[in-house]
Amino acid sequence: MFTTPMIKLVAIVLERDREKVAEALLAEGVMQFITISELEKTVLESFNKTAPQLSLEIISETRRAIEDLLHTAGIYPDAPKEINLHNRKLVRVEEVKKRVDSIHREREQIRERQRVVQQELLRLEDIKKQIALYGLDFSAEALISSHYFIVMYIGKLPSKNLPALIDEMKNIPSVNLPLSTSEDFTNVLSIYLKRDSERVEKILGSHGWVKIEPPAELLKLKTEIFENLSSKISSYAEEQNKLKAAAQNLVIKESGLLKETWTNLRVTELFNRVQSYFKHSTRVMLFSGWLPASTKEHLSQKIHGASEGRCYLEWYEAKNADAEKEKIPVQIRNPRLFAPFQMLVSNFGIPEYGSIDPTVFIMPVYLSMFGLMFADAGHGAVLLLLGLLGMTFFKKKRGKETLVNLSCLIAWCGGSAILFGALFGSYFGMRWFKPIWFNFHGIVSGHGGGHPFINNIFDILLITITFGIAVIIIGLVFNWINLIRKRKWIDLLFDKKGMAGAWIYGAGIYLAFSFLKFNYMPRLAALFALIGIPIILLFIKEPLHFYMHRKEGKGGTFTFFKLINFIMEWIVELLEVFSGYLSNTLSFMRVAGLGIAHVSLMIAFFSIARMVGGKGFLPVVILIAGNVLVICLEGLSAGIQSLRLSYYEFFTKFFKATGKSYSPVSLESKD
Amino acid sequence: MSDLNKYAFINAKLRARISMLIPDDAFQNMIKAGSIEEALAHLRATPFAFIEEIYKTSGDILQVEFELLKHEIAMYRDIHKYLHKQTGEFSNALLMGYEIENLKNALRISFEKNIKKNSDTPGSHYLLYDPVIHTIDIDTIISAPSFDQIPAVLSGTPYAEIVTAHLEEIASKGTLFYLEVALDHFYYSNLLEAAKISGRQDREKIFRLIGVEIDLQNITWIIRFKDFYKLPVEQTLSLIIPSGFNLGKGAVRNAYTGQNIMPLVRDFTKKYHPALSALITATEVSDNQSKLQLIEHILEQIMLHETHKMLSGYPFTIGILLAYFMLKKNEIKKIKTILNAKLYGYAEERIRDLVH
């Protein structure tokens, strides 16, 4: 129910046991270290910070470089284990950097080759595009056209020279198509880029190629030319894929060694980080930090074991009253079942140390509001299914914990909607079974609720307002519990969220109820007791605070302006109490409003379906589309409004998001 | 149609998208990465994850930049679907900037081939052949046997007249410079024309942002015309974009005839971003290349400053559209800068300076 109780440790161990103690602390991974500043300055001066062999920054940088390299191959190393800590090896950072640089260089060479291949590929595609655009008009003049980037020549060369020609031309973007053979000569169509003219003409000339008039069969060649080009393009594309795989394999090949090095570096980094919090003199070492009180005995044993009893440990219980001053870290631990609701709480903020952790309470509050707004068992079943599918899908993906929690939340909301749907007898907008509680549908459509006490919309509004009052009162009670734990008695009694404020709120509820229900207003004396006394109590708070501060020697002198200040603050507080509590309570009417809207939309879609005949394909389509729209629209509205009411109407009564999250140094640490 | 009707939906949509822009720590991780591949791996959880695969397959950074350009244009088209008619026309006027840049690139290739007689044209692979706004036969432009044939290819577009007017100059002076300046003039005048049909509040926002861009473009040109091309002041005055809002002809003449243009830059910056003008005072800049780089940096800072002002102002105006386009452009520019810097082996500190 509350944040995890924490305890502070101040420890002194011998300098010679430093490494073993640091190992034990890292292996346990429960300590959030703090900078030691409680000792007298003269004592602290004789202690130095521990300087590890290798700078933390260099180790972190090298570790990140290997991590990034592994990520390029889709490899994500796991967090180190305790065995890695005990078996850690000295990492030669310079050698590691050289190896990483060497991999980068090899890969850059592959990328350079890829760039060259890419350019050739693009040039061939240029040729293909040009041929496709301008066609193949094979008159002798048209072959050599200044329109194109390409050149097309027909020539003949000795047949025995053809293989050598094709081999020499294979690295130049070109098409060389043998057309026909006569005696010892072959006619060849040669297509290449203008920019390569000089080079190509040299090669052609060296193989005895001579230009001739185009033969008649050329007209049928377009397909063959395209096939030739396409096969060249395919072979370049294949080479690109091979190069891509080669670049990937560079890292995969070394991944075993890289992962081992990464693990060593990570362990060393964390080990050095733990030691960076130590202060040491010649013989002893000092460190301090916060940890959960439940781990005290275990850690104590470990430190004693690591130092062979040569240690002195002092424990300080965390006091709730000192939460802010001491910056006590906050740990919230709840069963896995509550993970989505813990996400909702964390989104709002981290609660102050020692205060109530509202996770367990937000679950029924949020789900009840959602269920009241989205009360349909069929729609709820759809949400439940979507939520479960989402959880299955996102669980497999890295870094998608938030989406897993969101899917889980949707599944819970679906469950709540199923429950409330059954209570109100709504199944995809239809009445398949009798409602367990009352007929919500019937009330909205004007046929009554079938319940002795709930028969109209005002009764539904009354339910939601009653629910809201209960939520607000729970919030106030939580605030009182927090104030009692912090021993803030003045605020507990005289604050607007303390008992004075609650007194006014309770009186307001009583007066509103008695006036609206019974048309009765109490007499003046009773009114004074109900409202007057708490209003006076509200005034007392600031003067009392001032008096207490003066007693402690902190407050200033009392002046006339101070009195005016007190009065002004009191008036503002009164306005806040009266308007704030009223608006907070009436805010819950939206729960009824959205529930009514949900039913009304379904009634509307059923009416439309009836208007188009009531039977056949079209009414079914309309009903399906209507259900989908309602699930999406109303689901989103209900989820958001439930969150708004939880945060604004409930949390603001007691939640102070001033906590700092507990982040111990452990092998699982993320940063 | 009221502002609320025009902008309510697009405002909600774009604000949600703005919250999904790449955060600064992702850029920091990219800068710290040891290579281009590692930098690209940090984009896996972003909408730019696709460029990693492109680089792994081709090894070609130009191909990556080309895909980013197509992504940027697709973004404009995607947003256009949700805009009211008038706002859509303004969005198209902004998109025309990409079409003009593409046309300039195609004209440069044709110029190299026909005037400089250089047929090696690798840039043709990175041209947009599909229409951006107008249907332009880019293939024919780059393959045209002479420059004179290009206006015919551009018929039906507003560029035909501009190219025709500069044909003689291109042939006689052997430079595309004046044609490119004319195309830029057309872009800004078209943009301001499209802005005129918007409401008063929208016009004010557009003129403020575009005005900054025009004034700074003019300052950049003044430095180029004076120091690189040695043009006389009257010719410069005829070449700068006429709709500059804060730089009158008098100020331009003074800057031109004076020894140093930096006081003009400082006074201009003081109006929009006083804190930044202090930086100019403190920075001694002597060579022209540094001046141009400083001005480019100033432009980016002022535009970002104006963008953030728009985001915190009244939401139902064209400001949200301008802010989103500016932020996305800036985001893509940062990615390109980091990748190119990694390719050329720049140190981390230098990359940070370039990006920020």
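For the structure itself, look to the data block above.
Here's what I pulled together on the structure shown here.

## Things to note about the overall build of chain B
Piece 1. Scanning chain B from terminus to terminus reveals 18 helices and 0 strands.
Piece 2. Expressed as a percentage of the 356 residues in chain B, the buried residues total 54%.
Piece 3. Taking the intrachain contacts of chain B between residues at least 6 apart in sequence as the baseline, contacts between residues at least 24 apart amount to 68%.
Piece 4. Here chain B has roughly 15,500 Å² of accessible surface; of this, 53% comes from carbon and sulfur atoms.

## Some words on the overall build of chain A
Piece 1. Broken down by element type, chain A carries 24 helices and 12 strands.
Piece 2. On C-alpha atoms alone, chain A measures out to a radius of gyration of 40 Å, which is more than a quarter above the 26 Å that the 2.2 N^0.38 rule sets for 671 residues.
Piece 3. Projected onto the principal axes, the alpha-carbon positions of chain A cover approximately 130 × 95 × 50 Å.
Piece 4. Burial status across chain A gives 48% buried among its 671 residues.
Piece 5. The contacts in chain A between residues at least 6 apart in sequence include a share of 79% that link residues at least 24 apart.
Piece 6. For chain A, the accessible surface area stands at approximately 34,600 Å², while carbon and sulfur atoms represent 62% of it.
Piece 7. Here chain A carries 78 positive and 64 negative side-chain charges, and the mean point of each set is 6 Å from the other.

## Section: the interface of chain A and chain B
Piece 1. In this assembly, 31 residues from chain A lie in contact with 34 residues from chain B.
Piece 2. Between chain A and chain B the total buried area reaches about 2,700 Å² when both faces are included, carbon and sulfur atoms providing 44% of it.
Piece 3. Between the two partners, chain A and chain B, sit 4 salt bridges.
Piece 4. Here Lys244 of chain A makes a salt bridge to Glu53 of chain B, at a shortest N to O gap of 2.2 Å.
Piece 5. Linking chain A with chain B are 16 residue pairs in polar contact (both at pLDDT 80 or more).
Piece 6. Those elements that provide at least two residues to the side of chain A that touches chain B are helix H3 (56–72), helix H5 (93–134) and helix H9 (222–253) of chain A.
Piece 7. With 15 residues, the single largest contributor to the side of chain A that touches chain B is H5 of chain A.
Piece 8. Of the residues belonging to the side of chain A that touches chain B, the class tally is 7 nonpolar, 12 polar and 12 charged.

## Digging into the pattern of salt bridges
Piece 1. For the coordinates displayed, the defined rule picks out 43 salt bridges over all chains.
Piece 2. Arg88 of chain A is paired through a salt bridge with Glu19 of chain A; the nearest N and O atoms lie 3.8 Å apart. Residue Arg88 of chain A is located in the loop between helix H4 (82–86) and H5, and its partner Glu19 of chain A is located in helix H1 (residues 18–28); the two are separated by 69 residues in the primary sequence.
Piece 3. On the basis of relative accessible area, Glu19 of chain A is assigned to the partly exposed category, the value being 45%.
Piece 4. Between Glu169 of chain B and Lys173 of chain B there is a salt bridge, and its shortest N-O distance comes to 4.0 Å. Of this pair, Glu169 of chain B and Lys173 of chain B both sit in helix H9 (residues 159–173), separated by 4 residues, roughly a single helical turn.

## Remarks on helix H22 (residues 560–587) of chain A
Residues and elements named next belong to chain A.
Piece 1. With 28 residues, H22 should cover 40 Å at 1.5 Å per step; its first-to-last C-alpha distance of 40 Å lies within 8% of that length.
Piece 2. If you check which residues of H22 are buried, you get Phe566, Glu573, Leu574, Val577, Gly580, Tyr581, Asn584, Thr585 and Ser587.
Piece 3. Looking at the buried residues of H22, the elements they touch are helix H18 (457–486), helix H20 (499–518), helix H21 (524–551), helix H23 (589–611) and helix H24 (617–650).

## Observations concerning the packing of helix H6 (residues 85–114) of chain B against helix H17 (residues 319–343) of chain B
Residues and elements named next belong to chain B.
Piece 1. Put simply, H6 and H17 touch, their axes get as near as 12 Å, and they point 25° apart. With respect to their mutual orientation, H6 and H17 come out roughly parallel. Along this stretch, H6 crosses H17, giving a crossing that reads as right-handed. Together, Thr87, Phe90, Ser91, Leu94 and Tyr98 of H6 and Leu321, Leu322, Phe325 and Lys329 of H17 make up the contact between the two elements.
Piece 2. Among the residues forming the contact of H6 with H17, the class breakdown is 6 nonpolar, 2 polar and 1 charged.

## Brief notes about the environment of Tyr55 of chain B
Residues and elements named next belong to chain B.
Piece 1. Relative to the helices and strands, Tyr55 is located in helix H4 (residues 50–58).
Piece 2. Of the residues examined, Tyr55 reaches a relative accessible area of 0% and is grouped as buried.
Piece 3. Measuring from C-alpha to C-alpha, the distance between Tyr55 and Lys342 comes to 13 Å, with 287 residues separating the pair along the chain.

## So, the environment of Thr181 of chain A
All names here are of chain A.
Piece 1. For Thr181, the location among the structural elements is in strand S5 (residues 174–182).
Piece 2. Separated by 341 residues in sequence, Thr181 and Pro522 place their C-alpha atoms 120 Å apart.
Piece 3. In contact with Thr181, other than residues within four places in its own chain, are Ser159 and Thr186.

## Quick notes on the pairing of strand S6 (residues 185–193) of chain A
Residues and elements named next belong to chain A.
Piece 1. Summarising burial for S6: 8 of the 9 residues are buried, a large majority.
Piece 2. Here 9 bridges tie strand S4 (residues 150–158) to S6, and the two strands are oriented antiparallel to one another. Counterpart to Ile150 in the pairing with S6 is Leu193.
Piece 3. The pairing of S5 with S6 spans 8 bridges and is antiparallel. Bridged to Leu177 within S6 is Leu189.

Criteria and cut-off values
- Residues numbered from 1 in each chain as written.
- Chains lettered and ligands numbered in written order.
- Predicted model: local features only at pLDDT ≥ 70, side-chain atom pairs only at ≥ 80, totals over all residues.
- Heavy atoms only, no water.
- Helix = DSSP H or I, 4+ residues; strand = E, 2+ residues; numbered from the N terminus.
- Buried < 20%, exposed > 50% of the residue type's maximum accessible area, 1.4 Å probe, protein only.
- Contact = heavy atoms within 4.5 Å.
- Areas by Shrake-Rupley, 256 points an atom, 1.4 Å probe, with all protein chains shown as cover.
- Rg over C-alpha atoms; globule rule 2.2 N^0.38 Å.
- Lys, Arg positive; Asp, Glu negative; His and termini not counted.
- Charge placed at Lys NZ, Arg CZ, Asp CG, Glu CD.
- Buried area = accessible area lost by both parts, 1.4 Å probe.
- Salt bridge = Lys/Arg side-chain N within 4 Å of Asp/Glu carboxyl O.
- Polar contact = N/O pair within 3.5 Å; in protein donor to acceptor, adjacent residues only side chain to side chain.
- Nonpolar A, V, L, I, M, F, W, Y, C, P; charged D, E, K, R; others polar.
- Expected span 1.5 Å × (residues − 1).
- Axes fitted to C-alpha atoms, helices over the stretch in contact; angles between N-to-C directions.
- Parallel < 35°, antiparallel > 145°, perpendicular 65-115°, else oblique.
- Left-handed = near helix turned anticlockwise from the far one by under 90°.
- Pairing = 2+ DSSP bridges.

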